[in-house]
Amino acid sequence: MQQRREKEWDLTIGPDTVRQFILKAKAISAGVNEDYEDGAEHEVEYDGDTHDNHRHDGLAEEEAENLTEKELRGLIADLNVDQAAELVALAWVGRGDYDAAEWADAVAEARQRGNRRTAKYLLGMPMLGDWLEEGLEALGA
């Protein structure tokens, strides 16, 4: 019986691919670049006269964030129907709409609702990265 359950959760979309989506989704929701590490990138420093010494090109930062979103949209658009349905189902499992035992139902529902706007739907989820991560964990992938 245990072996049958594992087959039900067999993914056509690779867990590493999903993890790449998770990183990009988290970068988008955080509003920072993927290479943001030290936490000081957006701090404002003041000199003795309390002038703003912070120098940045806001448009360049915004463009970098848009590139991450554009990349994620492109990656999602490149998925086949089964992979896209599984990605949506993973988000639903992570969000708690379905549990891992209902994986086949979640995928079937996602396939039935599937359309060309999967990227828009997924990127509209405020915690997409977290939900995909929790979905993978729930399936043990």
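Residues numbered from 1 in each chain as written. Predicted model: local features only at pLDDT ≥ 70, side-chain atom pairs only at ≥ 80, totals over all residues. Heavy atoms only, no water.

Chemist: Can you help me understand the confidence of the model for the protein chain in this one?
Modeler: Summary statistics for the protein chain give a mean pLDDT of 76 and a share of 69% for residues scoring 70 or more. Low confidence marks residues 50-62, where pLDDT is under 50. Its contacts with residues over four positions away, or in another chain, come to 17 contacts. (pLDDT = per-residue confidence, 0-100. Contact = heavy atoms within 4.5 Å.)

Chemist: When you look at the environment of leucine 23 in this model, what are you seeing that I'm missing?
Modeler: With respect to the helices and strands, the residue leucine 23 is situated in helix α2 (residues 15-30). For leucine 23, a relative accessible area of 58% puts it in the exposed group. Placed 107 residues apart in sequence, leucine 23 and aspartate 130 show a C-alpha to C-alpha distance of 9.5 Å. (Helix = DSSP H or I, 4+ residues; strand = E, 2+ residues; numbered from the N terminus. Buried < 20%, exposed > 50% of the residue type's maximum accessible area, 1.4 Å probe, protein only.)

Chemist: Would you explain the packing of α2 against helix α7 (residues 128-139) in this entry?
Modeler: If you want to describe how two helices pack, look at the angle between their axes and the distance between the axes. Between α2 and α7, the shortest axis-to-axis distance is 7 Å and the interhelical angle comes to 155°. In terms of orientation, α2 lies roughly antiparallel with respect to α7. As α2 packs across α7, the resulting crossing turns out to be left-handed. Listed contacts from α7 to Pro15, Val18, Arg19, Phe21, Ile22, Ala25 and Lys26 of α2 are Leu128, Gly129, Asp130, Leu132, Glu133 and Leu136. Grouping the constituent residues of the contact of α2 with α7 by class yields eight nonpolar, one polar and four charged. (Axes fitted to C-alpha atoms, helices over the stretch in contact; angles between N-to-C directions. Parallel < 35°, antiparallel > 145°, perpendicular 65-115°, else oblique. Left-handed = near helix turned anticlockwise from the far one by under 90°. Nonpolar A, V, L, I, M, F, W, Y, C, P; charged D, E, K, R; others polar.)

Chemist: What is the right way to read the nonpolar core from this model?
Modeler: For soluble globular proteins, nonpolar side chains are generally found buried alongside one another. Core analysis: the largest hydrophobic core is formed by 31 residues, its most contacted members being Val18, Phe21, Leu87, Trp103, Leu122 and Leu132. Of all the elements in the fold, those that place two or more residues in this core are α2, α3 (58-77), α4 (81-95), α5 (103-113), α6 (118-123) and α7. It is α4 that contributes the most residues to this core, nine residues altogether. (Core = buried A, V, L, I, M, F, W, Y, C linked by side-chain atoms within 4.5 Å.)

Chemist: Which parts of the structure should I look at to understand α4?
Modeler: It helps to recall that an α-helix has 3.6 residues per turn; residues three or four apart then point in one direction. Over its 15 residues, α4 runs 21 Å from end to end, which matches the ideal 21 Å to within 8%, given 1.5 Å per residue. Within α4, twelve of the 15 residues are buried, which leaves it mostly tucked inside the rest of the structure. Of all the positions in α4, only Gln83, Ala84, Ala85, Glu86, Leu87, Val88, Ala89, Leu90, Ala91, Trp92, Val93 and Gly94 are classed as buried. At the exit of α4 stands glycine 96, carrying a positive phi of roughly 100°. (Expected span 1.5 Å × (residues − 1).)

Chemist: Looking at this model, I keep getting lost on the packing of aromatic side chains. Mind explaining?
Modeler: The relative placement of two aromatic rings is captured by the distance of their centres and the angle of their planes. Under the definition given, this model contains one aromatic pair. When the ring centre of tryptophan 131 is taken as origin, the NZ or CZ atom of arginine 95, which lies over that ring, is 5.5 Å away. (Phe/Tyr/Trp six-rings, centres within 6.5 Å; stacked < 30°, edge-to-face > 60°. Lys NZ or Arg CZ within 6 Å of the ring centre and 35° of its normal.)

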